Amino acid sequence: MHQNFIYMKHILSLIICSIILSNLSAQSIDKGDKFFGLQTNLAFTDIYSTYLDLSLTKNVKRAGFHIAPTMQWAIQKNFVVGTALHVGYNSEKTNYNYTFTYSPKESEVFDLGLNAFSRYYIDILRNKKLKFFGLAGVHLSYASWSNIYTTPANNNSENELVARGSLGFGLAYASKKGMIDLNVSNAGLFLGIHKRLGKK
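Residues numbered from 1 in each chain as written. Predicted model: local features only at pLDDT ≥ 70, side-chain atom pairs only at ≥ 80, totals over all residues. Heavy atoms only, no water.

## A word on the overall build of the protein chain
Then, in step 1: Secondary structure assignment for the protein chain yields one helix and nine strands.
Then, in step 2: Put simply, the protein chain runs from its N terminus to its C terminus through helices and strands in the order α-β-β-β-β-β-β-β-β-β.
Then, in step 3: Residues counted as buried form 38% of the 200 residues belonging to the protein chain.
Then, in step 4: Once local pairs closer than 6 in sequence are excluded, the contacts in the protein chain between residues at least 24 apart make up 64%. (Helix = DSSP H or I, 4+ residues; strand = E, 2+ residues; numbered from the N terminus. Buried < 20%, exposed > 50% of the residue type's maximum accessible area, 1.4 Å probe, protein only. Contact = heavy atoms within 4.5 Å.)

The following block contains the structure:
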């Protein structure tokens, strides 16, 4: 519980720092605007099994990351299309004395995905700093799992290549220099920072 509390404090600190570093002068999203960004996944989902994680205890050691560089183009006011490349890795090692052969002592998962998406932003405040948005996307994802058990004969690995759609929503804080956002969908819970590159 203490480790999870520290982890959430780090996430909150990252969001606050991102807001402070943003230019406080807001700007709308207009046709021709371009954004380059970086997102990280914070949750396990049926599309991506990797996420930002760090937990070091006596019996369990977990670590993982999931990053997704993104590029967005505004094709109309407040409407953008984009693409993202997803790369993630998670591992877990345990020191429990298992009595059941189906309990893995070590596990690893690797994710690689390509995502095309669209977003429509709605201004919540008159100054246009805070925006709500809906999102839709298609993901082509490759995943690889491996598990090491107490009984070597039960060790296994698996690979999967699938295409899935996603729907979700989020909140964004905008400035002249870019945006930060938090969005949720069946693809994950993503925290992103996006730099405005200017017009086409």
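Next comes the rest of the account.
## Description of the packing of aromatic side chains
Then, in step 1: As enumerated under the stated definition, the model contains three aromatic pairs in all.
Then, in step 2: Between Tyr121 and Phe133 the ring centres are 5.1 Å apart and the planes differ by 45°, which places this aromatic pair in the tilted class. Of the two residues, Tyr121 sits in strand β5 (residues 104-123) while Phe133 sits in strand β6 (residues 130-149), which places them 12 residues apart along the sequence.
Then, in step 3: Here Tyr121 falls in the buried class, since its relative accessible area comes to 1%. (Phe/Tyr/Trp six-rings, centres within 6.5 Å; stacked < 30°, edge-to-face > 60°.)

## Things to note about unusual backbone geometry
Then, in step 1: Of note in the backbone geometry, Asn78 takes a positive phi value of approximately 70° without being a glycine.
Then, in step 2: Along the chain, the position of Asn78 falls in the loop between β3 (60-76) and β4 (79-94).

## What to know about the environment of Lys105
Then, in step 1: Summarising the element assignment, Lys105 is placed in strand β5.
Then, in step 2: Residue classification places Lys105 among the partly exposed residues on the basis of a relative accessible area of 29%.
Then, in step 3: When the C-alpha positions of Lys105 and Ile148 are compared, they lie 5.8 Å apart, and in sequence the two are 43 residues distant.

## Things to note about the nonpolar core
Then, in step 1: Among the nonpolar cores identified, the biggest contains 10 residues, and these are Ile29, Phe35, Ala74, Val80, Tyr121, Phe133, Leu135, Ala172, Ala174 and Met179.
Then, in step 2: For this core, the elements supplying multiple residues, two or more each, are β6 and β7 (156-174).
Then, in step 3: Residues contacting Phe35, with those up to four places away along its chain left out, are Ile29, Thr70, Met71, Gln72, Gly178, Met179, His194, Lys195 and Arg196. (Core = buried A, V, L, I, M, F, W, Y, C linked by side-chain atoms within 4.5 Å.)

## As for a nonpolar patch on the surface
Then, in step 1: Where nonpolar side chains cluster on the molecular surface, the patch consists of Tyr120, Ile122, Ile124, Leu125, Phe132, Phe169, Leu171 and Val184 and spans about 710 Å² of accessible area.
Then, in step 2: Every element with two or more residues in the nonpolar patch is listed here: β5 and β7.
Then, in step 3: Tracing the backbone through its elements, the reader meets Tyr120 in strand β5.
Then, in step 4: Classification of Tyr120 by relative accessible area gives partly exposed; the value is 43%. (Patch = residues over 30% accessible without salt bridge, like charges linked within 9 Å, V, L, I, M, F, W, Y side chains within 5 Å. Areas by Shrake-Rupley, 256 points an atom, 1.4 Å probe, with all protein chains shown as cover. Salt bridge = Lys/Arg side-chain N within 4 Å of Asp/Glu carboxyl O.)

## Quick notes on the environment of Ala136
Then, in step 1: Relative to the elements of secondary structure, Ala136 occurs in strand β6.
Then, in step 2: Expressed as a C-alpha distance, the spacing of Ala136 and Gly168, which sit 32 residues apart in the sequence, is 6.5 Å.

## Let's talk about the pattern of salt bridges
Then, in step 1: Within the structure shown, the criterion is met by five salt bridges.
Then, in step 2: Here Asp53 and Arg62 are joined by a salt bridge, their closest N and O atoms 3.0 Å apart.
Then, in step 3: With its nearest N and O atoms 3.2 Å apart, the salt bridge here joins Arg119 to Asp181. Of this pair, Arg119 sits in strand β5 while Asp181 sits in strand β8 (residues 178-185), and the two are 62 residues apart along the sequence. Asp181 shares its class with Arg119; the two are buried.

## Here we look at the side chain of Asp53
Then, in step 1: Along the chain, Asp53 turns up in strand β2 (residues 53-56).
Then, in step 2: In this structure Asp53 comes out as buried when scored by relative accessible area, which is 10%.
Then, in step 3: Here Arg62 takes part through its side chain, which lies 3.0 Å from a polar atom of the side chain of Asp53. (Polar contact = N/O pair within 3.5 Å; in protein donor to acceptor, adjacent residues only side chain to side chain.)

## What to know about the pairing of β2
Then, in step 1: Of the two faces of β2, the one holding Asp53 and Ser55 is buried and the one holding Leu54 and Leu56 is not buried anywhere.
Then, in step 2: Two elements, β2 and β3, share four bridges in a ladder whose sense is antiparallel. In the strand pairing of β3, Ser55 is matched with Arg62.
Then, in step 3: Counting the residues in the hairpin turn of β2 and β3 gives three residues. (Pairing = 2+ DSSP bridges.)

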